[in-house]
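Here's the letter readout for the chains.
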Amino acid sequence: MKPLDFHWFRFASPATFYPLAGRMIPLFWLLAAVFGVAGLWVSFFVAPTDATQGEGYRIIFVHVPASWMSMFIYIMMATWAGIGLAFNTRLAGMMAQALAPTGALMALLSLWTGALWGKPMWGTWWVWDARLTSELVLLFLYLGFIALQAAIDEPRRADKAGAVLALVGVVNVPIIYFSVKWWNTLHQGASVSLTRAPAMAQAMLWGMLLMALCFWMYSIAMALTRVRAIILEREATHDWTHGLEEVMA
Amino acid sequence: MKALLAVIHRDLLIAMRRKAEVLTALFFFVIVTSLFPLGIGPEPALLRKIAPGVLWVGALLATMLGLQRMFAADYADGTLEQMALSPQPLALLVAGKNVAHWLVCGLPLVVLAPVLGLQFGLDGQSLAVLTLGLLIGTPVLSLVGSVGAALTLGVRGGGALLSLLVLPLYVPTLIFGAGAVEAQQSGMGASGHLSLLAALLALAAFFAPWATTTAIRIALE
């Protein structure tokens, strides 16, 4: 390790990031699989049956991680967008673009599992509760971001316009999170809190955290895979892409 | 300051020369809100309950109609580029265009809303809260909408895309605006909701012109 050779922006170039991402992807898939197996084992065999909700509550192990990831990915997307606008790096815009579909998927999963959970517990698929609604709005924000990028032909303008939209939309993420406190409705309050003792059994918490890690690693692996595809697509005219094995094949 | 007034004056003048466009948005508001009783039924209690939401959604959609006009013509004939090059800060000129858009598309809605509220059988207190809420809320719609209008400049399928971008961002305004009238109706008092609405206005007035300016510069590149 020669520290003097290292430069912070070394991997900001698509040409150097592309092989690095290629090496990281299997690692994150492996981590996702390990956390996924452990998380599923804890959530199905270790976590006790809930006193009031029976076995049906176990959908929480997918629902909560998906909701967390949908918000977290949006914040990451906005962060990349901000970096892209501030430093004018091409890769940051590509990262934001690569994260958006995974984030939209997580928002959709969160709504879907929420509906499946709500039916047996509340007796309804959907309620116009603030949290559900803001998750839906988050999904719309993702779709708007994807649609805006798709509508602009010039990639650099698409990146920048999307970046402005992501930064404007990120105002919505705290509103989602604090909406629980602002409106008092049918939805149960936040289940995990840092300030008071968790209201759930330890095993349930572990299951949820493991599943969240699994979703996190999966999202990183997916985003890296997608960003590699975007890099290849945009840099198709550059020399360095022509010698690549996957391009030659 | 002089530049700000000049932009407002110019945009108002252009709007007044083409009155039909302004009136179309206004009549759209009237017609959409009048369709709801026809679709739902004339029961007074129900209408009173849905009135805040219907009037606010109508106002939201009517504001949307005028958004594209805010920059599109100036972008097409190069005026916007001259504005970006001018020694005046672009954010100031954008703010002027926002004010003009609100005077043309927002203020008439505020004035008209109490009359339409009567159609729904709202009482005097609720009408006052509705009007006050719209007075604080419609500038937010113009400000936030201008970001979307700038982002979709010269983009394929601009109109539909614009609503996809902007309507989700209108949600907080809608919730607090309609919530204010509902809170008034249920006897809780609307001051909390109106304060939040005013907070949104302060936030939007501070950040939106800056975001719009960035978006315009991106579009002009």
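Note that the structure is a prediction, hence the values are computed from the model and not measured.

(A) Focus on the overall build of chain A. Looking only at helices and strands, chain A features nine helices and zero strands. Each helix and strand of chain A, placed in order from N terminus to C terminus, yields the pattern α-α-α-α-α-α-α-α-α. Taking all 249 residues of chain A together, 38% fall into the buried category.

(B) Seen up close, the overall build of chain B. When its secondary structure is counted, chain B shows nine helices and zero strands. A compact globule built from 221 residues should have a C-alpha radius of gyration of about 17 Å, and chain B, at 18 Å, falls within 12% of that. A buried classification covers 48% of the 221 residues belonging to chain B. Across chain B, contacts joining residues at least 24 apart in sequence account for 80% of those joining residues at least 6 apart.

(C) Local environment of the confidence of the model for chain B. Residues and elements named next belong to chain B. When pLDDT is averaged along chain B, the result is 88, and 100% of the positions lie at 70 or above. The secondary structure element of chain B with the lowest average pLDDT is helix α8 (residues 158–185), at 85, and the one with the highest is helix α7 (residues 124–151), at 92. Under the prediction, the complex receives an ipTM of 0.85, its pTM being 0.85.

(D) A look at the nonpolar core. Within the largest apolar cluster, 133 residues are counted, with the highest numbers of intra-cluster contacts made by Met-77, Met-95, Ala-96 and Leu-99 of chain A together with Val-144 and Ala-215 of chain B. Of all the elements, helix α7 (residues 202–234) of chain A adds the most residues to this core, at 15 residues. Ignoring anything within four residues of it in the chain, the contact list for Val-144 of chain B reads Val-166, Leu-169, Tyr-170, Ala-204 and Ala-208 of chain B.

(E) The arrangement of the environment of Ala-204 of chain B in detail. Residue and element names in this part refer to chain B. Along the chain, the position of Ala-204 falls in helix α9 (residues 191–220). The buried category is assigned to Ala-204, around which 25 C-beta atoms lie within 10 Å. Each C-alpha atom, one on Ala-204 and one on Val-140, is 6.1 Å from the other, the two residues being 64 residues apart in sequence. Discounting residues that sit within four places of it in the chain, Ala-204 has contacts with Val-140, Leu-143 and Val-144.

(F) Structural context of the interface of chain A and chain B. With 17 residues of chain A at the contact, the number on the chain B side is 17 residues. Counting only elements with at least two residues in the side of chain A that touches chain B, the list comes to α4 (130–151) and α5 (155–169) of chain A. For the side of chain A that touches chain B, the element with the highest residue contribution is α4 of chain A, accounting for eight residues. Of the residues belonging to the side of chain A that touches chain B, the class tally is 13 nonpolar, two polar and two charged.

(G) View of unusual backbone geometry. Residues and elements named next belong to chain A. Of note, Asn-88 is a non-glycine position whose phi angle comes to about 60°, a positive value. Tracing the backbone through its elements, the reader meets Asn-88 in the loop between α2 (60–87) and α3 (90–122). When the 12 C-beta atoms within 10 Å are taken as the criterion, Asn-88 is described as exposed.

(H) A look at the confidence of the model for chain A. Looking at chain A as a whole, its pLDDT mean stands at 82, while 84% of the residues score no less than 70. For the stretch residues 193–197 of chain A, pLDDT sits under 50, and the model shows one contact to residues farther than four places along the chain or on other chains.

(I) Spotlight on the packing of helix α3 (residues 44–67) of chain B against α8 of chain B. Residue and element names in this part refer to chain B. The geometry of α3 relative to α8 is characterised by a closest axis approach of 9 Å and an angle of 150° between their N-to-C directions. Like other packed secondary-structure pairs, α3 and α8 cross with a definite hand, here right-handed. In this structure, α3 contributes Pro-52, Gly-53, Trp-56, Val-57, Leu-60, Met-64 and Leu-67 to the contact, and α8 contributes Leu-162, Ser-163, Val-166, Tyr-170, Leu-174, Gly-177, Ala-178, Val-181 and Glu-182.

(J) Quick look at α5 of chain A. For α5 of chain A, spanning 15 residues, the distance from its first C-alpha to its last is 20 Å, which sits close to the expected 21 Å at 1.5 Å a residue. Those residues of α5 of chain A lying buried are Asp-159, Lys-160, Ala-161, Gly-162, Ala-163, Val-164, Leu-165, Ala-166, Val-168 and Gly-169 of chain A.

(K) Region of the structure containing the packing of α3 of chain B against α7 of chain B. Residue and element names in this part refer to chain B. Interaxial distance between α3 and α7 falls to 10 Å at its minimum, and their mutual angle equals 35°. Between α3 and α7 lies a crossing whose hand is right-handed. Here Pro-52, Leu-55, Ala-59, Leu-60, Thr-63, Met-64 and Leu-67 of α3 lie close against α7, whose contacting residues are Leu-130, Leu-134, Thr-138, Leu-141, Ser-142, Gly-145, Gly-148 and Ala-149. Of the residues that constitute the contact of α3 with α7, the class distribution is 10 nonpolar, five polar and no charged.

(L) Local environment of the environment of Leu-92 of chain B. All names here are of chain B. Topologically, Leu-92 is positioned in helix α6 (residues 90–119). As for Leu-92 and Pro-139, which are separated by 47 residues in sequence, their C-alpha atoms are 16 Å apart. Apart from residues lying up to four places away in sequence, Leu-92 is in contact with Ala-3 and Leu-4.

(M) How the structure looks around α7 of chain B. All names here are of chain B. Taking 1.5 Å per residue as the helical rise, α7 with its 28 residues ought to reach 40 Å, and the 40 Å between its terminal C-alpha atoms agrees with that figure. At Leu-135, α7 shows its largest kink, close to 30°, and the proline Pro-139 lies no more than four residues downstream. When you tally the buried positions in α7, you get 22 out of 28 residues, the bulk of the element.

Cut-offs and rules
- Residues numbered from 1 in each chain as written.
- Chains lettered and ligands numbered in written order.
- Predicted model: local features only at pLDDT ≥ 70, side-chain atom pairs only at ≥ 80, totals over all residues.
- Helix = DSSP H or I, 4+ residues; strand = E, 2+ residues; numbered from the N terminus.
- Buried ≥ 20, exposed ≤ 12 C-beta atoms within 10 Å, placed from the backbone.
- Rg over C-alpha atoms; globule rule 2.2 N^0.38 Å.
- Contact = placed C-beta atoms within 7 Å.
- pLDDT = per-residue confidence, 0-100.
- Core = buried A, V, L, I, M, F, W, Y, C linked by C-beta atoms within 7 Å.
- Nonpolar A, V, L, I, M, F, W, Y, C, P; charged D, E, K, R; others polar.
- Axes fitted to C-alpha atoms, helices over the stretch in contact; angles between N-to-C directions.
- Left-handed = near helix turned anticlockwise from the far one by under 90°.
- Expected span 1.5 Å × (residues − 1).
- Bend = angle between axes of the 7 residues up to and from the residue.

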